[in-house]
Amino acid sequence: MNNGRNQNGNGTATAVRSNRSGRTPSQSGSNGTGGRTPRNRPTGVDRSPAPTAPETLHWDALAPRVTEALAQPLDPQLVSQRKGRGGRKFDYIEGHTAIDQANKIFGFGGWGYELIGDVSLRTIEQTDSRTGEVTRTAAYSAVVKVTVPGAPSRTDVGFQPVADETPEGHETAYKGCVTDALKRALRSFGDCFGNGLYGDPPTHARTDPARERDPQPRPQPAAERNPAQQPRRRVVQPAAPADDDQRDAANLRSQLIELSTEQGFTEEQVRSAVQAKTGRALDELGPAELNPLIASAADKLEQRRQAESG
């Protein structure tokens, strides 16, 4: 018995409704000839696609809070040591430390990495120059790409020899080469990811200001004062008034809103985008933080104008 429902192929019921005239909704728009009655489209309606989220159009660079964090030196407590060639000790950061740094600086959802290609197993042969004996060592290598929105992707290669010819030894080397590639890709973001630990001597040792300072300044002979000589007056330069920075910041905020308005965004959208990008309100930002946002917004506007002009 037909109870007003049609059974489809997978046994589930789909309801078919009818209007008072007995026609199904698919027939209600018919003009009697089997075709649909054309509807008049309203005129004067803007059918251009809605603009993308402001933060994706205003800025192609890293957020100011991210660049500030990247400019900070590496915390010495994050540095570990290992033995290397010739019994020397080398500084390095562990894989979990690099991941923690990335989560802290970029945010848990602000970065990612992927394996490019397959992990390769290589056999390295070494010949003893004295005995001619050939030894073979297995090692894994991998290429990892790190992606951070607002910055070019970073790609680097990792390498890890097999220390123990057991399944566990191969597993450790397999994972180790991926971790090594990830750390090497992240170190291109600077010292906060251990880039200063590389080199011979390491970069941080060459640029350590404590090494450049003279520990004991040389005593200078006391100059004989001429009684007739008048003491030199100390001239104090007046500090720039604080309201100058506030005035500049207000002008820059107005300029950023104006550039965004030309792209079709409202002031509320701009303020929301700035809050999402920097973690601070627009009115709290100073000139140093507003300048890169304005430069990036201007670049985006110029790119949009060039695209529209063909």
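Structure shown above.
Just so it is clear, the structure is predicted and the values come from calculations on it, not from any experiment. (Residues numbered from 1 in each chain as written. Predicted model: local features only at pLDDT ≥ 70, side-chain atom pairs only at ≥ 80, totals over all residues. Heavy atoms only, no water.)

(A) Examining the side chain of Asp156 more closely. Along the chain, Asp156 falls in strand E7 (residues 154–161). A polar contact is formed between the side chain of Asp156 and the side chain of Arg184, at a distance of 3.4 Å. (Helix = DSSP H or I, 4+ residues; strand = E, 2+ residues; numbered from the N terminus. Polar contact = N/O pair within 3.5 Å; in protein donor to acceptor, adjacent residues only side chain to side chain.)

(B) A look at the pattern of salt bridges. With the rule as written, the count across this model stands at nine salt bridges. In this structure, the salt-bridge partner of Lys175 is Glu171, at a minimum N-O distance of 2.9 Å. Within this pair, Lys175 and its partner Glu171 are both found in helix H4 (residues 167–186), separated by four residues, close to a single helical turn. Lys175 sits in the partly exposed class, given a relative accessible area of 49%. Its salt-bridge partner being Arg253, residue Asp283 comes within 3.7 Å of it at the nearest N-O pair. Note that Asp283 is positioned in the loop between helix H8 (267–278) and helix H9 (287–309) and Arg253 in helix H7 (residues 242–262), a separation of 30 residues in sequence. Using a relative accessible area of 16% as the deciding quantity, one classes Arg253 as buried. Taken together, the shared-partner salt bridges in this structure form one network comprising Arg253, Glu267, Arg271 and Asp283. (Salt bridge = Lys/Arg side-chain N within 4 Å of Asp/Glu carboxyl O. Buried < 20%, exposed > 50% of the residue type's maximum accessible area, 1.4 Å probe, protein only.)

(C) Molecular detail of helix H3 (residues 95–106). With twelve residues, H3 extends 16 Å from end C-alpha to end C-alpha; this agrees with the ideal 16 Å at 1.5 Å per step. Taken as a whole, H3 has its buried residues at Gly95, Thr97, Ala98, Gln101, Ala102, Asn103, Ile105 and Phe106. Elements in contact with the buried residues of H3: helix H2 (64–70) and H4. Within two residues after H3, Gly107 carries a phi angle of roughly 100°, on the positive side. (Expected span 1.5 Å × (residues − 1). Contact = heavy atoms within 4.5 Å.)

(D) Spotlight on the layout of surface pockets. Within this model, the largest pocket holds a volume of roughly 900 Å³. Lining the largest pocket are 26 residues; nearest its centre among them are Arg82, Asp91, Tyr92, Asp180 and Tyr198. For the lining of the largest pocket, the elements supplying multiple residues, two or more each, are strand E4 (89–92), E7 and H4. Counting residues per element, the lining of the largest pocket draws most heavily on H4, at five residues. (1 Å grid on protein atoms, 1.4 Å probe; cavity = no way out; pocket = protein on both sides within 12 Å on 5 of 7 lines; lining within 4 Å. Points joined across faces, edges and corners; volume = space filled by probe spheres on them.)

(E) Region of the structure containing the packing of aromatic side chains. Counting across every chain of the model gives five aromatic pairs. Between Tyr140 and Tyr174, the aromatic rings sit 5.7 Å apart at their centres with planes inclined by 70°, giving edge-to-face as the arrangement. Here Tyr140 is found in strand E6 (residues 134–147), whereas its partner Tyr174 is found in helix H4, with 34 residues between them in sequence. Sitting over the face of the ring of Phe189, Arg154 holds its NZ or CZ atom 4.1 Å from the ring centroid. (Phe/Tyr/Trp six-rings, centres within 6.5 Å; stacked < 30°, edge-to-face > 60°. Lys NZ or Arg CZ within 6 Å of the ring centre and 35° of its normal.)

(F) Examining the side chain of Asn103 more closely. Take Asn103: it is sitting in helix H3. Dropping the residues within four chain positions of it, Asn103 is found in contact with Phe108 and Trp111.

(G) Focus on the nonpolar core. Core analysis: the biggest nonpolar cluster contains 22 residues, and Leu70, Phe106, Trp111, Val146, Leu186, Phe189 and Phe193 have the highest contact counts within it. Every element with two or more residues in this core is listed here: H2, H3, E6 and H4. Here Leu70 is in contact with Leu62, Ile105, Phe106, Phe189, Cys192 and Phe193, once residues within four sequence places are set aside. Counting 15 residues, the second largest nonpolar core, distinct from the first, contains Leu256, Phe265, Leu282 and Leu293. (Core = buried A, V, L, I, M, F, W, Y, C linked by side-chain atoms within 4.5 Å.)

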